[in-house]
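Structural features, examined
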Amino acid sequence: MASLADPATRFTHVAHLAPTPVAERDAVLANPGFGARFTDHMVVIEYSEEHGWHGATVQPYGPIALDPASSVLHYAQEIFEGLKAYRHPDGSMALFRPTANAARFNASARRLAMPELPEDLFIAAINALVLADRDWFPTVEGGSLYLRPFMIATEAFLGVRPAKAYKFIVIASPAGNYFKSGASAVSIWVSDYTRAAPGGTGAAKCGGNYAASLVPTAEAFAKGHDQVLFLDAAEHKWIEELGGMNLFFAFADGSLLTPPLTGTILAGITRDSLIRLARDEGLTVREEPYSLDQWRADAASGQLVEAFACGTAAVVTPVGQVAGRDGSFEIGGGGPGQLTGKLKARLTAIQRGEAPDPHQWVHQIG
Ligand code: PLP
Ligand code: COI
């Protein structure tokens, strides 16, 4: 089997015989929402112990056949990533920090006992898909093409050990706003459940983490909130992260704080980018533990002026309300704050090619 050492030239393209009609696609692109519609193609790459990564294909989007004994269906050996492609004002297409996603994907792979994928192959697969589906960029303000690379264990075997065969797949979905409510700030519910314990898989982007977050998330929705907040597993005191986003806190003295990467939360690429952009602006950013009690007290005293969630899907979203078993409190006036707005504008201008890219984060496609 051919090696994929030079992946850019080795994708087999399978033609789509019935792509989405233009009028239907245009309607989706004008109002994409999040994660509900998918483009016409997907990339699939196979892995076996014997051949390594092989058989890279850009093919029509559609169902995949799996043996019912595939390990992923029983023991959840699955990891994924999330990143976005943007259409720049000059018509070019670009990814934001794809090498960081490739590195995190491999860190997740190591934790889930899965084979690593060469970083250049990860990026080449995404490039190939965006090029095939270049007509799928949303036309709506703030829109982008959300890419979802993932890997599943496909070996048909029920013994509990790492599988010997895998599929790496990339799908794409036109994306607008993650939060349906369209509210200027979101409301979060502090869960009594915990998401990740020391030594667990909290820092890996594996599907199992999200499966375990669904009951707490459903509870948050049922109580009228937009997202769930998890505290640490040991003391149930320290703020960790939301179901699918990291958190930042902004204080009256102009400084920022975000919980540290201790192994139980995801090392968000948006989080890392915002830390750098804030420091570029001369702001102090502390990566320190912050307790829910302190948050409540600081919000009441006026020490804390803003809080926001951040992630690829959510971008930067102000948190206006926090509620939990011990009551609720508001942050600022319950709406978006100034620093949140400034950092969001700084980040998105770089992502969208509307401002210089001082950290070489933007990766042109094509
Ligand atoms: N935390 C969790 C649990 C997530 O699922 C995500 C989303 O990917 C993030 C944080 C933010 O990470 P990133 O900024 O890399 O998208
Ligand atoms: C992302 O922001 O890319 C995520 O993965 C969060 C969520 C949609 C799972």
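Numbers given for residues are sequential positions, taken from 1 along each chain in its written order. Chain letters start at A and ligand numbers start at 1, both assigned in the order the entries are written. A pLDDT threshold of at least 70 governs which residues receive local features in this predicted model, and a stricter bar of 80 or more applies before side-chain atom pairs are shown or counted, although totals over entire chains, interfaces and linings include all residues. Note: side-chain values were computed over all heavy atoms of the structure, leaving out hydrogens and water.

**Notes on the nonpolar core**
Buried residues of nine kinds, namely Ala, Val, Leu, Ile, Met, Phe, Trp, Tyr and Cys, make up a nonpolar core once their side-chain atoms join them within 4.5 Å. Residue burial is assigned from relative accessible area. The probe radius is 1.4 Å, only protein chains are included, and a residue is buried under 20% of its type maximum, exposed over 50%, and partly exposed in between. Grouped together as the largest cluster of nonpolar side chains are 53 residues, with contacts concentrated most on F11, I45, V130, L147 and F168. Ranked by residue count, the leading element in this core is helix α4 (residues 119-132), at 9 residues. Boundary definitions for the domains trace back to an automatic or database domain assignment. Lining this core are residues from two domains, each supplying at least three of them: domain 1 (2-177) and domain 2 (186-351). With 25 residues, the next largest nonpolar core counts F179, M245, L247 and L292 among its residues. Secondary structure elements are taken from DSSP: a helix is a run of H or I of four residues or more, a strand is a run of E of two residues or more, and numbering for both begins at the N terminus.

**Considering the packing of aromatic side chains**
Under the pairing criterion, centres of Phe, Tyr and Trp rings, with the six-membered ring standing for Trp, must be within 6.5 Å; the plane angle then separates stacked pairs below 30 degrees from edge-to-face pairs above 60, leaving the rest tilted. Per the stated rule, a full pass over the model turns up 17 aromatic pairs. Relative to F179, the ring of Y178 lies with its centre 5.3 Å away and its plane at 85°, an arrangement referred to as edge-to-face. In this structure Y178 comes out as partly exposed when scored by relative accessible area, which is 32%. On the basis of relative accessible area, F179 is assigned to the buried category, the value being 12%. Between W295 and F329, the aromatic rings sit 5.5 Å apart at their centres with planes inclined by 85°, giving edge-to-face as the arrangement. Here the residue W295 occupies a position in helix α8 (residues 292-301), and F329 occupies one in strand β17 (residues 327-330), the gap between them amounting to 34 residues.

**Looking at unusual backbone geometry**
The phi dihedral of A113 falls on the positive side, at around 55°, and the residue is not glycine. Within the secondary structure layout, A113 lies in the loop between α3 (98-111) and α4. Judged by its relative accessible area of 40%, A113 falls in the partly exposed class. In this structure, Q360 is a non-glycine residue whose phi angle is positive, near 55°. By secondary structure assignment, the location of Q360 is in the loop between α9 (338-351) and β18 (362-365).

**Re the site of ligand 1**
Here a residue is near a molecule or strand as soon as one of its heavy atoms is found within 4 Å of it. The immediate surroundings of ligand 1 are formed by 17 residues, with R104, Y210, E241, T270 and T312 found nearest. Here a polar contact means two N or O atoms within 3.5 Å. Within protein one must be a hydrogen donor candidate and the other an acceptor candidate, and residues neighboring in sequence count only if both atoms are side-chain atoms. Separating a nitrogen atom of ligand 1 from a side-chain N or O atom of E241 is a distance of 2.6 Å. Contacts to ligand 1 include T312, whose side-chain N or O atom sits 2.6 Å from an oxygen atom. Calculation on ligand 1 without its partners gives an accessible area of 390 Å², and the protein chains cover 96% of this total. Listing elements by their share of the shell around ligand 1, those giving two or more residues are β11 (239-242), α7 (269-280) and β15 (304-311). A class-by-class count of the residues in the shell around ligand 1 yields 6 nonpolar, 7 polar and 4 charged. Each accessible area is a Shrake-Rupley estimate made with a 1.4 Å probe; only the visible protein chains count as cover when residues are assessed. In this classification, the charged set is Asp, Glu, Lys and Arg, the nonpolar set is Ala, Val, Leu, Ile, Met, Phe, Trp, Tyr, Cys and Pro, and all remaining amino acids, among them Gly, are polar.

**Some points on the environment of L277**
Counting through the fold element by element, L277 comes out in helix α7. Judged by its relative accessible area of 0%, L277 is buried. When the C-alpha atoms of L277 and H359 are compared, they prove to be 9.5 Å apart, with 82 residues separating the residues in sequence. Contacts of L277, omitting those with residues within four sequence positions, involve L343, R346, L347, I350, H359 and W361. By definition in these notes, contact holds between two residues if any of their heavy atoms fall within 4.5 Å.

**Concerning the environment of A163**
Inspection of the secondary structure assignment puts A163 in the loop between β7 (144-153) and β8 (165-175). A residue is classified by how much of its surface remains accessible, and A163, at 8% relative accessible area, is buried. C-alpha separation for the pair A163 and E354, spaced 191 residues apart in sequence, amounts to 45 Å. In contact with A163, not counting residues within four places along its chain, are S71, Q77, A153 and E155.

**Focus on the pattern of salt bridges**
One side-chain nitrogen of Lys or Arg within 4 Å of one carboxyl oxygen of Asp or Glu is enough to make a salt bridge. Per the counting criterion, the structure on display carries 14 salt bridges. The partner of E116 in a salt bridge is R110, and the shortest N-O contact between them spans 3.3 Å. Ionic pairing is found between R325 and D192, a salt bridge with its closest N-O pair at 3.2 Å. Of this pair, R325 sits in the loop between β16 (315-324) and β17 while D192 is found in the loop between β9 (186-190) and α5 (207-212), placing the two residues 133 residues apart along the sequence. Given the relative accessible area of 42%, D192 is considered partly exposed. Beyond isolated ion pairs, a larger network of salt bridges with shared partners links R97, D272 and R276.

**A few points about the domain arrangement of the protein chain**
Here the protein chain is described as being made up of domain 1 (2-177) and domain 2 (186-351). For domain 1 and domain 2, the distance between their C-alpha centroids amounts to 28 Å. Across the contact, 19 residues belong to domain 1 and 21 residues belong to domain 2. Two parts placed together each lose some accessible area under a 1.4 Å probe, and the buried area is that loss summed for both. In this assembly, domain 1 packs against domain 2 so that about 1700 Å² is buried in total across both faces, 58% of it on carbon and sulfur atoms. Broken down residue by residue, the surface that domain 1 buries against domain 2 is led by F80, F96 and R104, which jointly contribute 35%. Here domain 1 is connected to domain 2 by 11 residue pairs in polar contact (both at pLDDT 80 or more). Elements that contribute at least two residues to the side of domain 1 that touches domain 2 include exactly β4 (78-80), β5 (83-87) and α3. Tallied by class, the residues present in the side of domain 1 that touches domain 2 amount to 9 nonpolar, 4 polar and 6 charged.

**Notes on the packing of α7 against α9**
Think of each axis as a best-fit line through the C-alpha atoms, taken over the contacting stretch in the case of a helix, with angles from 0 to 180 degrees between the N-to-C directions. Where α7 meets α9, the axes come as close as 10 Å, and the angle between the chain directions of the two elements is 110°. Here α7 is positioned roughly perpendicular relative to α9, judged by the angle of their axes. Both α7 and α9 take part in a crossing whose hand is right-handed. Contact residues: α7 offers T270, S273, L274, L277 and A278, while α9 offers L343, R346, L347 and I350. The class makeup of the residues in the contact of α7 with α9 is 6 nonpolar, 2 polar and 1 charged. Between 65 and 115 degrees an angle is taken as roughly perpendicular, under 35 as roughly parallel, over 145 as roughly antiparallel, and anywhere else as oblique. Helix crossings are classified by the rotation of the near helix relative to the far one: an anticlockwise turn of less than a right angle makes the crossing left-handed, while a clockwise turn makes it right-handed.

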